[in-house]
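Here is how the chains run, residue by residue.
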Protein chains: 2
Amino acid sequence: MATSRKAESIPGDDWPAGAESTPAARSEHVPESTVRRLSTYYRLLQTLAAQSEGEQVSSGKIAALTGFTAAQVRRDLAYFGTFGRRGVGYENQELQRSLATILGIDRGWRIALVGVGNLGQALLSYRGFPRQGFHVVAAFDRDPRKIGRKVRRVLIRPMSALPAAVRSLNLQMAVIAVPADSAQEVAAAVVAAGITGILNFAPTKLVVPEHVHLQNVDLSIEIEYLSYLLTHEAPADT
Amino acid sequence: MATSRKAESIPGDDWPAGAESTPAARSEHVPESTVRRLSTYYRLLQTLAAQSEGEQVSSGKIAALTGFTAAQVRRDLAYFGTFGRRGVGYENQELQRSLATILGIDRGWRIALVGVGNLGQALLSYRGFPRQGFHVVAAFDRDPRKIGRKVRRVLIRPMSALPAAVRSLNLQMAVIAVPADSAQEVAAAVVAAGITGILNFAPTKLVVPEHVHLQNVDLSIEIEYLSYLLTHEAPADT
DNA sequence: GCTTGTGAATATCTTCACAGCC
DNA sequence: GGCTGTGAAGATATTCACAAGC
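Bear in mind the structure is a predicted one, so any value in this text is a computation, not a measurement. (Residues numbered from 1 in each chain as written. Chains lettered and ligands numbered in written order. Predicted model: local features only at pLDDT ≥ 70, side-chain atom pairs only at ≥ 80, totals over all residues. Heavy atoms only, no water.)

Considering the interface of chain A and chain B
Between chain A and chain B, the contact holds 78 residues from the first and 77 residues from the second. Buried surface at the junction of chain A and chain B, both sides included, amounts to about 6800 Å², of which 59% is carbon and sulfur. Counting across the chain A and chain B interface gives four salt bridges. Note that Arg36(A) is salt-bridged to Glu222(B), the shortest N-O span being 2.5 Å. Between the two partners, chain A and chain B, sit 19 residue pairs in polar contact (both at pLDDT 80 or more). Broken down by element, the side of chain A that touches chain B gets its largest block of residues, 13 residues, from helix 9 (residues 219–231) of chain A. Of the residues contributing to the side of chain A that touches chain B, the split by class is 39 nonpolar, 26 polar and 13 charged. (Contact = heavy atoms within 4.5 Å. Buried area = accessible area lost by both parts, 1.4 Å probe. Salt bridge = Lys/Arg side-chain N within 4 Å of Asp/Glu carboxyl O. Polar contact = N/O pair within 3.5 Å; in protein donor to acceptor, adjacent residues only side chain to side chain. Helix = DSSP H or I, 4+ residues; strand = E, 2+ residues; numbered from the N terminus. Nonpolar A, V, L, I, M, F, W, Y, C, P; charged D, E, K, R; others polar.)

Written out as structure tokens, the structure is:
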């Protein structure tokens, strides 16, 4: 079921000998929740650096400020290598660089937005994306009235322009923000154009080939989970 | 950390005798992932019903259409009771009602939106919310130029109007869509006004009292996870 | 014959606790 | 003395596999 994987660990082949200082690899499977926490650590380090507090940080400090535990912080990092000095902690800039490499945000990603409705426009304007190296450089919509307009300096193109744009603009990811009924069709087009990473905001299950990475953000699920918490877990807890 | 809970299961006290047909309770702890999948099942049932296919559904069918497994579907439901008939399956409308009760969306939730920027406006217009019973009935912003305007029939009010509005409009949840720097302050105001459920879109860790339920949607984390997948898990897999 | 509901087995993730190093 | 990195233990979640029931 989609999440087949096989770990495939030939004993003793887990890690190229001597490569222990290269962050961002290590073949063992890394839990999704670990990767998401790494994003949180990364942003915290950015914030601390901006306040020029915390040139030196400890797992305990990261834990206190993010709401996780110190053991968890260390375990999460351990999947990728060894980044700190015992008795001392981690050097902020250095750990930031390592995390950026691990997360793959040490380059800049070039992104296509498909669907320039309310949500699409908000995503085009979202400051958090460029701040972390995600650049929406092209937008697509099927509404002829929107074609040719610009939103936030980004030209809105017809869907037919997608394949050529993927090549000429070197687009690497797509953000899908169209209604649920057209999302599968859009996904197919995006995949056909050669894109292998999709962030989908449409509330529907998309079917994509195995080699395409798909991440869903479903606002209804989020708010329904909150509804569940309020309904059950009485008045307490996260 | 924050997720302290203690299960507190007095043996033999797990479930009030004879209440086995009441959906939506059962005291055992339910995994977050289970609840999120229930939302997905629920929406699938709605879709099938609208197509007037699937008056009768099986765990296998739900699994095939959502991408989970049949065993998982049955296990997820089992946390809350017993909803199907052996050899037959589940009756769509009946299961839908049960899921709605479990998720707490069989009522209508009245919601405050705080922060009417790009994202806030998109959320005000998001069709998926009212479709599932989530009604944004009041909006708040600190920008005086926005006060008094209406977006999608919803009046934008000053932050100072929040406490009174919570009472007079019976607001039960807040959606926070303000910049990271003001999010904590807004959260405090929202909590002070008596709201106990928060859906937070600001990319920062909010500290709230134990009795307040907080759910975060962090777009940067989502796209960074996609970046991670593209960078590592080579060309394959979910 | 087909599908649910569920103990038991497995796999996965988190926490503990401490040796190793600064 | 303090903090990391990590085996081992513990807790949680998923999957298997089958008895029970239509």
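Next, the rest of the story.
Describing the environment of Glu94(A)
All names here are of chain A. With respect to the helices and strands, the residue glutamate 94 is situated in helix 4 (residues 92–103). Glutamate 94 gets classed as partly exposed once you look at its relative accessible area, which sits at 40%. When the C-alpha atoms of glutamate 94 and alanine 64 are compared, they prove to be 20 Å apart, with 30 residues separating the residues in sequence. (Buried < 20%, exposed > 50% of the residue type's maximum accessible area, 1.4 Å probe, protein only.)

Details of the pairing of strand 3 (residues 109–114) of chain B
Residue and element names in this part refer to chain B. In terms of burial, strand 3 is largely enclosed, as five of its six residues are buried. Alignment of strand 3 against strand 4 (residues 134–141), held across six bridges, turns out to be parallel. Within the sheet, the bridge partner assigned to leucine 113 lies in strand 4 and is alanine 139. (Pairing = 2+ DSSP bridges.)

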